[in-house]
Protein chains: 4
Amino acid sequence: MKDVQSEKDHRNIPINKVGIRNLRIPIVVRDQQNKTQPTIADVNMYVNLPHHYRGTHMSRFGEILHRYAHDLSLETLLSILEEMKNRFECEEAHIEIRFPYFLVKSAPVSGAKSYMEYLCSVKASLGERLSLVMEVEVPIHSLCPCSKEISSYGAHNQRGVVRIQAKTSSFVWFEELITIAEKNASAPLFAILKRSDEKYITEKAYMNAKFVEDTARDIALALNRDERILWYQVEVENYESIHNHNAYAAIIKEKDNEN
Amino acid sequence: MKDVQSEKDHRNIPINKVGIRNLRIPIVVRDQQNKTQPTIADVNMYVNLPHHYRGTHMSRFGEILHRYAHDLSLETLLSILEEMKNRFECEEAHIEIRFPYFLVKSAPVSGAKSYMEYLCSVKASLGERLSLVMEVEVPIHSLCPCSKEISSYGAHNQRGVVRIQAKTSSFVWFEELITIAEKNASAPLFAILKRSDEKYITEKAYMNAKFVEDTARDIALALNRDERILWYQVEVENYESIHNHNAYAAIIKEKDNEN
Amino acid sequence: MKDVQSEKDHRNIPINKVGIRNLRIPIVVRDQQNKTQPTIADVNMYVNLPHHYRGTHMSRFGEILHRYAHDLSLETLLSILEEMKNRFECEEAHIEIRFPYFLVKSAPVSGAKSYMEYLCSVKASLGERLSLVMEVEVPIHSLCPCSKEISSYGAHNQRGVVRIQAKTSSFVWFEELITIAEKNASAPLFAILKRSDEKYITEKAYMNAKFVEDTARDIALALNRDERILWYQVEVENYESIHNHNAYAAIIKEKDNEN
Amino acid sequence: MKDVQSEKDHRNIPINKVGIRNLRIPIVVRDQQNKTQPTIADVNMYVNLPHHYRGTHMSRFGEILHRYAHDLSLETLLSILEEMKNRFECEEAHIEIRFPYFLVKSAPVSGAKSYMEYLCSVKASLGERLSLVMEVEVPIHSLCPCSKEISSYGAHNQRGVVRIQAKTSSFVWFEELITIAEKNASAPLFAILKRSDEKYITEKAYMNAKFVEDTARDIALALNRDERILWYQVEVENYESIHNHNAYAAIIKEKDNEN
């Protein structure tokens, strides 16, 4: 059968990224507590395409991914990227893997155990060297310092989300980034809270009022202290309970020691 | 050209609904304050298909809709359904129109004016007679009575949404259903609140703590009192600020006087 | 601590459904090929609330679910509902569980194996007796018979989705409903297709042109023949490649033998 | 009332962006054919926050926006950004406005008129000088050259989307970018097509087979020729009808003449 993709292209335009998006696949990832965790990923894979080739053989992306999906780690991610570079004969290979990740948490007073979901992702590119960005989305509770200060009683509070992206020089667990996000919110969230826990969380948040600006800065302080982190972006977004739009703060930092 | 859709079908299976979904179109609807309001609709249109026809001529749905979109009202909605019945030679015609609807609201203390968005929809069917369901989705503020009661200070609160569906015997404005939803929440939402407003809303909500169950019941009481409403379903869903899942309550009522 | 939820309510309005929505949790379900499959669920749980109680103890939903999530089956689903009825002292308990479900499929010519994702759900209610609805969403390929007939070459085709809901008298695998959907489309989908497979699928679909009406009717014929199925609704929706809206057909059937 | 936001902050961390997201508001934009077009926007607005301020006065974003929403143009966009810089006493102001935009199109043979929706957005920042990126999302029809070549009859085709982002040196209409996207697809989409049109589009697409790579390159050629465009990113994504994932190509180009 004719190989249309391999035809010579005369438009003289190289393509930065060509590949597949939103491939859904069951994967197994590393878990700090339980060694491994089965989950479900949404995957994008791209390569660069030199100007003289017309097209890409798209089925190869899935073939490579299917071979490694049962054991995804930093090592196998690198193997995927190397295999992409070899198989596509390209200069740059990219993979983006996004998946729900669950931790078992204990309620603060009753100790009731429940699962919390965090959206995690890894974006890795291999050109001359590896570039790797980890990302977590952590749902949080936030209570408004202004509302607390000016009101005779109460203070508006709401669900929010912290998104941390980080480039690192050595291995970091998703659990570590999640902990940083939850510790610096007005309070963390739980799937199961008994009444004693609800009292505890309500009072804790009230004593720990934070703007999106405060949460972003406190997380930035923690990320600044971690020498493994070379670059980060932290975003905090509150689903304001008194508005139908969101409050937002973002801090981006390239540390001097990045090379 | 051959008319494949009009071929005789021998499978002996009538189709309940056949048509188009997610047709996007600019429309103009009636507005209580300003007479008309331009907005953008997401439209579904269906007819029943008798067992002996193979297919439907889908382009006719859009043709009919495009003729009436610039002036949608109860009258033109009925005209659309009648034209569908005539043009498709069918027993039942259905249309579902969903659109954002904006009201200008004044903040409670400063009077600052801003737009609030409400998702509205109309589901109308014409068989032997007309069936019409109006629906509004109203974002609200809710504050938890249990958290308030058991905590030494503060109370968790959050954004929520009230969804009211209603069948009516005579004309009801979307504005009326929106008002019922907002009045029975812990507090309404606004796009612009100055500090004096924020204090007012924070304190009002604290003094007006409501479970999803409370809001649903209070709205049900208001809908029970309105004799134009023959049937309703009210749903209240809170995006709990201490959990990553939602609290929910639903009340469905068919009044005796419906005929 | 005061139990606000258990306060007496004087509004005299019973609530049809009160509970939690969008609780996310890792679960294990039964798999026809591999006995079990780990996946991630989105769960709604409700009970009815008599008019004289003010509120529901929401944490109990999660507690019950967490105890059974590691082994969901028809048996444990019934246990969950019974435990809900006991724990909440209610007349009706409802659970809705929605999850991605993966099957390994072999490409039609090359035999290349890959995962396909299907969205599955179960909606179960226990009042005086059990009501259970299974649902699958199956992505398909559909090719338009009209376009094929009137055009000198080619025919527009597109991705679509088949949604089957079914009430059954005895056990049915999700795999069985998925197979019915895929067999009655113009062609099934695969995550990995080599060029020989692509040729096969392209030609198969061209020889197997189907309107949404055709696919819905052919699936209905298959569901009519299956005596375990007492009631069904089949919906077919094509993401038309020549329009930016979708074509849609729905057939609903209550069989006479349902009791 | 105390102004908590204006408190001095000692963490020594400047915030890159602080503001509001997903504010929904009716707007009026410029329209090449009809001078103006009412639509509905989703708006993000941010400013930078120096390290010594604790917080931002979020209500000011909405106040500024509400004053200009009835007439959005390049001029008023600049006014918004200048007013943000003045009011917040900041170095950088950002606004992102995303809205559906409708064009009336005539079917290619019958001339039947219908509305097509395009998602448009503008991202503008004002620091020392103005940076402005326009973006359009254009739904298209694409037909696979490989499938056509290797199959005895037919060829798989599907809905896709072209996303063009462009920085320009002088005014460009959204209509111009939309035309470039539609002309370089296998075929454009329409909301209403009669049978003669469907035949025309089916045959046109079959004679005009294009990979995502082809469409991206042909659009890049057109954007290269337009001297007003200083930088662009074009993305093409096909909702593959034989897969449940998408094919994707992206070309990014910074022209030499950008200063």
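Residues numbered from 1 in each chain as written. Chains lettered and ligands numbered in written order. Predicted model: local features only at pLDDT ≥ 70, side-chain atom pairs only at ≥ 80, totals over all residues. Heavy atoms only, no water.

A. Expanded view of the overall build of chain A. If you tally the helices and strands in chain A, you get 6 helices and 9 strands. Each principal axis of the C-alpha distribution contributes one length, and for chain A these read about 75 × 35 × 35 Å. Split into buried and exposed, the 259 residues of chain A put 64% on the buried side. Counting contacts in chain A only where the partners sit at least 6 residues apart, residues at least 24 apart contribute 65% of the total. Of the roughly 9,800 Å² of accessible surface on chain A, a fraction of 48% belongs to carbon and sulfur atoms. Within chain A, one finds 33 positive and 36 negative side-chain charges whose respective centroids are separated by 3 Å. (Helix = DSSP H or I, 4+ residues; strand = E, 2+ residues; numbered from the N terminus. Buried < 20%, exposed > 50% of the residue type's maximum accessible area, 1.4 Å probe, protein only. Contact = heavy atoms within 4.5 Å. Areas by Shrake-Rupley, 256 points an atom, 1.4 Å probe, with all protein chains shown as cover. Lys, Arg positive; Asp, Glu negative; His and termini not counted. Charge placed at Lys NZ, Arg CZ, Asp CG, Glu CD.)

B. Spotlight on the interface of chain A and chain D. Contact residues are listed per partner, giving 50 residues for chain A and 50 residues for chain D. Here chain A packs against chain D, burying approximately 4,200 Å² in sum over the two surfaces, 55% of which is carbon and sulfur. Across the contact surface, chain A and chain D share 12 salt bridges. Taking the shortest distance from any N to any O, the salt bridge between arginine 54 of chain D and aspartate 214 of chain A comes out at 2.7 Å. Connecting chain A to chain D are 32 residue pairs in polar contact (both at pLDDT 80 or more). (Buried area = accessible area lost by both parts, 1.4 Å probe. Salt bridge = Lys/Arg side-chain N within 4 Å of Asp/Glu carboxyl O. Polar contact = N/O pair within 3.5 Å; in protein donor to acceptor, adjacent residues only side chain to side chain.)

C. The arrangement of the pattern of salt bridges in detail. The tally for this structure, following the rule as stated, stands at 96 salt bridges over all chains. We note a salt bridge from glutamate 63 of chain B to arginine 87 of chain B, for which the minimum N-O separation is 3.0 Å. Here glutamate 63 of chain B, found in helix α1 (residues 59-68), pairs with arginine 87 of chain B, found in helix α2 (residues 74-88); they are 24 residues apart in sequence, far enough to count as distant. What makes glutamate 63 of chain B buried here is its relative accessible area of 18%. Residues participating in the shared-partner salt-bridge network are Lys2, Glu7, Asp9, Arg11 and Arg54 of chain A together with Glu149, Lys210, Asp214, Arg217 and Asp218 of chain D.

D. Region of the structure containing the relation of the copies chain D and chain B. Note on the identical chains: chain D maps onto chain B by a rotation of 180 degrees and an axial translation of 0.0 Å, with an RMSD of 0.0 Å. Both chain copies can therefore be described as sitting about a two-fold axis. (Least-squares fit on C-alpha atoms with pLDDT ≥ 70 in both.)

E. Spatial organisation of the confidence of the model for chain A. Per-residue pLDDT for chain A averages 96, and the proportion of residues at 70 or more is 99%. Two numbers describe this predicted complex: its pTM, 0.96, and its ipTM, 0.95. (pLDDT = per-residue confidence, 0-100.)

F. Looking closely at the side chain of aspartate 226 of chain D. Summarising the element assignment, aspartate 226 of chain D is placed in the loop between α6 (212-225) and β8 (229-238). Within the structure, aspartate 226 of chain D has its side chain in polar contact with the side chain of arginine 228 of chain D (distance 2.8 Å).

G. Just the interface of chain D and chain B, in detail. Counting from both sides, the interface comprises 29 residues of chain D and, opposite them, 29 residues of chain B. Between chain D and chain B lies a buried interface of about 2,400 Å² when both sides are counted; carbon and sulfur atoms form 66% of it. Across the contact surface, chain D and chain B share 6 salt bridges. The salt bridge partner of aspartate 3 of chain B is arginine 195 of chain D, with a shortest N-O separation of 4.0 Å. Scanning the region where chain D abuts chain B turns up 11 residue pairs in polar contact (both at pLDDT 80 or more). At the level of secondary structure, the elements contributing two or more residues to the side of chain D that touches chain B comprise β1 (15-31), β2 (35-49), α1 (59-68), β3 (93-106), β4 (113-126) and α5 (195-206) of chain D. Of the residues belonging to the side of chain D that touches chain B, the class tally is 12 nonpolar, 7 polar and 10 charged. (Nonpolar A, V, L, I, M, F, W, Y, C, P; charged D, E, K, R; others polar.)

H. Broad picture of the domain arrangement of chain A. All names here are of chain A. Domain boundaries in chain A define domain 1 (7-97) and domain 2 (107-259). Between domain 1 and domain 2, the C-alpha centre-to-centre distance is 30 Å. Residue-level contacts link 17 residues of domain 1 with 13 residues of domain 2. Carbon and sulfur atoms make up 63% of the surface buried where domain 1 meets domain 2, a total of about 1,200 Å² over both sides. On the domain 1 side of the interface with domain 2, the three residues burying the most area are Gln32, Leu74 and Ile97, jointly 38% of the side's total. On the surface where domain 1 and domain 2 come into contact, there are 0 salt bridges. Counting across the domain 1 and domain 2 interface gives 6 residue pairs in polar contact (both at pLDDT 80 or more). Listing elements by their share of the side of domain 1 that touches domain 2, those giving two or more residues are β1 (15-31), α2 (74-88) and β3 (93-106). When residues in the side of domain 1 that touches domain 2 are grouped by element, the largest group, 6 residues, is from α2. Residue composition of the side of domain 1 that touches domain 2, grouped by class: 7 nonpolar, 3 polar and 7 charged. (Domains from an automatic or database assignment.)

I. Molecular detail of the packing of helix α4 (residues 174-183) of chain D against α6 of chain D. Residue and element names in this part refer to chain D. Contact geometry of α4 with α6 gives a least axis separation of 9 Å together with a crossing angle of 145 degrees. Here the hand of the crossing between α4 and α6 comes out right-handed. For the pair α4 and α6, contact is made by Leu177, Ile180 and Ala181 and by Ile219, Ala222 and Leu223, respectively. The residue inventory of the contact of α4 with α6, partitioned by class, reads 6 nonpolar, no polar and no charged. (Axes fitted to C-alpha atoms, helices over the stretch in contact; angles between N-to-C directions. Left-handed = near helix turned anticlockwise from the far one by under 90°.)

J. The packing of aromatic side chains, seen in detail. This model, assessed by the stated rule, comprises 32 aromatic pairs over all chains. Each ring, one from tyrosine 206 of chain A and one from tyrosine 153 of chain B, has its centre 5.5 Å from the other, and the planes form 35 degrees; the classification is tilted. Of this pair, tyrosine 206 of chain A sits in helix α5 (residues 195-206) while tyrosine 153 of chain B is found in the loop between α3 (145-150) and β6 (157-168), placing the two residues in two different chains. The exposure class of tyrosine 206 of chain A is buried, given its relative accessible area of 14%. (Phe/Tyr/Trp six-rings, centres within 6.5 Å; stacked < 30°, edge-to-face > 60°.)

K. Up close: unusual backbone geometry. A positive phi angle is found at asparagine 22 of chain C, which is not glycine, with a value near 60 degrees. Residue classification places asparagine 22 of chain C among the partly exposed positions, given a relative accessible area of 32%. Non-glycine residue lysine 35 of chain D carries a positive phi angle of around 70 degrees. Relative to the helices and strands, lysine 35 of chain D is located in strand β2. Judged by its relative accessible area of 69%, lysine 35 of chain D is exposed.

L. Examining α6 of chain D more closely. Residue and element names in this part refer to chain D. Given a rise of 1.5 Å per residue, 14 residues ought to cover 20 Å, and the 20 Å separating the end C-alpha atoms of α6 matches this to within 8%. A large share of α6 lies buried, amounting to 11 of its 14 residues. For α6, the full list of buried residues reads Val212, Glu213, Asp214, Thr215, Ala216, Arg217, Asp218, Ile219, Ala220, Ala222 and Leu223. (Expected span 1.5 Å × (residues − 1).)

M. Region of the structure containing helix α4 (residues 174-183) of chain C. Of all the 10 residues making up α4 of chain C, 7 are buried; the element is thus mostly covered by neighbouring parts of the structure. Burial in α4 of chain C covers these residues: Phe174, Glu175, Leu177, Ile178, Ile180, Ala181 and Glu182 of chain C.

N. Representation of the relation of the copies chain A and chain D within the structure. The transform that puts chain A on chain D rotates by 180 degrees and translates by 0.0 Å along the axis, for an RMSD of 0.0 Å. Of the interface residues in chain A, 100% have counterparts in chain D that sit at the interface too, so the contact is made through matching surfaces.

O. View of the state of the cysteines. All names here are of chain B. Considering all chains together, one arrives at 0 disulfides over all chains under this definition. A disulfide-free cysteine, cysteine 146 has its sulfur positioned 5.1 Å from the sulfur of cysteine 144, the nearest such atom. Residue class for cysteine 146 comes out buried when judged on its relative accessible area of 0%. (Disulfide = S-S within 2.5 Å.)

P. A look at the side chain of asparagine 246 of chain D. Along the chain, the position of asparagine 246 of chain D falls in strand β9 (residues 246-254). A polar contact is formed between the side chain of asparagine 246 of chain D and the side chain of glutamate 237 of chain D, at a distance of 2.7 Å.

Q. Structural context of the pairing of strand β5 (residues 130-143) of chain D. Residue and element names in this part refer to chain D. Taking burial as the measure, the 14 residues of β5 include 12 buried ones, the bulk of the element. One ladder, built from 8 bridges, connects β4 with β5; its direction is antiparallel. Within β5, the position partnered with leucine 119 by the bridge is glutamate 137. With 11 bridges joining them, β5 and strand β6 (residues 157-168) adopt antiparallel strand pairing. Opposite isoleucine 140, over in β6, you have glycine 160 as the bridge partner. Direction of pairing for β5 relative to strand β7 (residues 187-188): antiparallel, over a ladder of 2 bridges. (Pairing = 2+ DSSP bridges.)

R. A look at the packing of helix α1 (residues 59-68) of chain A against α2 of chain A. Residue and element names in this part refer to chain A. Taken N-terminus to C-terminus, the directions of α1 and α2 make an angle of 150 degrees; their axes are 10 Å apart at the nearest point. Put simply, α1 runs roughly antiparallel to α2. When the axes of α1 and α2 are compared, the crossing they make is right-handed. From α1, Arg60, Phe61, Glu63, Ile64, Leu65, Arg67 and Tyr68 reach across to α2, where they touch Thr76, Ser79, Ile80, Glu83, Met84, Arg87 and Phe88. Of the residues that constitute the contact of α1 with α2, the class distribution is 7 nonpolar, 2 polar and 5 charged. (Parallel < 35°, antiparallel > 145°, perpendicular 65-115°, else oblique.)

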